Amino acid sequence: MTRALELARRALGKTSPNPAVGAVIVKAGKIVGEGYHRAAGKPHAEVEAIRSAGSDARGADLFVTLEPCNHHGRTPPCTEAIQEAGIKRVWYGMDDPNPGVRGGGAKTLRAAGIEVIGGVHENLCRRLNEVYLTNIKLHRPFVFLKLAMSLDGRIATRSGHSQWISSPESRAKVHRLRDRVSAVMVGIGTVLSDDPSLTTRLHGRQGRDPVRIVADSNLRTPLTAKIFNPSSSSGVIIGTKKNPPSDLRVKLEQKGAKIVRTSGKAQVDIPDLLARVYRTGITSVLIEGGGQLAWSALEAKVVDRCLFFYSPMIIGGESAPTGIMGTGIRTLDEAPRLVDSRSSRVGGDLLLDGRIAYPK
């Protein structure tokens, strides 16, 4: 199953709206076939592994990170391929949360006389497909919150100087994450102060640009902003309030932006914006700044995972902007907390990566 997880990770961000799945076939203690789901519409991991194993699949064990499907979609049911290949036993990591699938694959295989064991490395399999699980359960994109801060939580100096707080290695890691997500999102303050391009730049290979989303209540995004990159075809979405200035809306639409009006009367309604972009096919969003947007997303309880890069420097200053601003909490029992968190060194920085748990 560990090898199946390694295979599945190769396609993270490329299978949307499907989950990332890896499969391994073992016979007489040796791996005889393996595969992974490469993209929506492509063969599923089980089929790839069965093709790889050939005749050795008969009488073998199949390890797969997700319960095999038993329904017709873009591809035939994996349960049929497993039976036809003569697989003797199936070990899978996690149940498929899709209501149209859940439990059906395992039940079909057992009815065919195949031994089925579920829950193998289940927590690792669920973490692998955290985006898919959130999509199915909450009908919105999975939201990452990334911040690059000094040790005292500042994202810029009092004069606004911010390039670069994080190390080159940290920035490279963020670009690899951009390559995996559907969209990257910033607030209008970040656009006005930093003018980021929000494209993906990977060393040695071509990255996939995410859709660029700006939370901009009053449509202040300049027509000259770098997010309007003619060399990138991923597109720009500007989320705004219910009734934004109509003259500015027309100009931004002429520039190529898609204006998404939310239910907010005075500012962008973040949950509503996420629900609307999810319906267009955006399954994951990386929030990269600034402090007001970070607080709005946390206050709305839509942030699922945080990646905080801490640089070994101290900035100080009451007027220096912090990574999370807004009104903040009143008492500590209201504070969201990181769970299942991990710390690691990235270049000279410390990365704290964990899931968000909100107080009930």
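Scroll up for the structure.
Residues numbered from 1 in each chain as written. Predicted model: local features only at pLDDT ≥ 70, side-chain atom pairs only at ≥ 80, totals over all residues. Heavy atoms only, no water.

**Quick word on the layout of surface pockets**
Next up, step 1: Empty space within the second largest pocket amounts to approximately 1000 Å³.
Next up, step 2: Around the second largest pocket sit 42 residues that line it, and Leu12, Glu130, Leu177, Arg180 and Arg305 are the ones nearest its centre.
Next up, step 3: Taken together, the residues of the lining of the second largest pocket break down into 16 nonpolar, eleven polar and 15 charged. (1 Å grid on protein atoms, 1.4 Å probe; cavity = no way out; pocket = protein on both sides within 12 Å on 5 of 7 lines; lining within 4 Å. Points joined across faces, edges and corners; volume = space filled by probe spheres on them. Nonpolar A, V, L, I, M, F, W, Y, C, P; charged D, E, K, R; others polar.)

**Details of the pattern of salt bridges**
Next up, step 1: Using the criterion set out here, one finds 16 salt bridges in the structure.
Next up, step 2: One salt bridge in this structure joins Arg355 and Glu130, with 3.7 Å as the shortest N-O distance. A residue pair is termed long-range when its members are at least 10 positions apart, and Arg355 in strand β14 (residues 349-357) and Glu130 in helix α6 (residues 130-138) qualify at 225 residues.
Next up, step 3: As a salt-bridge pair, Asp353 and Arg305 come within 2.7 Å of each other at their nearest N and O atoms. (Salt bridge = Lys/Arg side-chain N within 4 Å of Asp/Glu carboxyl O. Helix = DSSP H or I, 4+ residues; strand = E, 2+ residues; numbered from the N terminus.)

**A look at the sheet that holds strand β4 (residues 89-94)**
Next up, step 1: In space, the five strands of this open sheet follow the order β2-β1-β3-β4-β5, with mixed pairing throughout. This sheet does not close on itself; its edge strands, each paired only once, are β2 (30-36) and β5 (115-117). Across this sheet, the average inter-strand angle for adjacent strands is 20 degrees, counted without regard to direction.
Next up, step 2: For β4 and β5, the ladder comprises three bridges, and the chain directions are parallel. Each residue of the ladder has a partner; that of Val90, found in β5, is Val116. (Pairing = 2+ DSSP bridges. Axes fitted to C-alpha atoms, helices over the stretch in contact; angles between N-to-C directions.)

**As for the pairing of strand β1 (residues 22-27)**
Remember that side chains alternate between the two faces of the sheet whenever the strand is regular.
Next up, step 1: Direction of pairing for β1 relative to β2: antiparallel, over a ladder of six bridges. What sits directly across from Ala23, in β2, is Gly35.
Next up, step 2: Bridge count between β1 and strand β3 (residues 61-66): four bridges; the pairing is antiparallel. The partner of Ile25 across the bridge, within β3, is Leu62.

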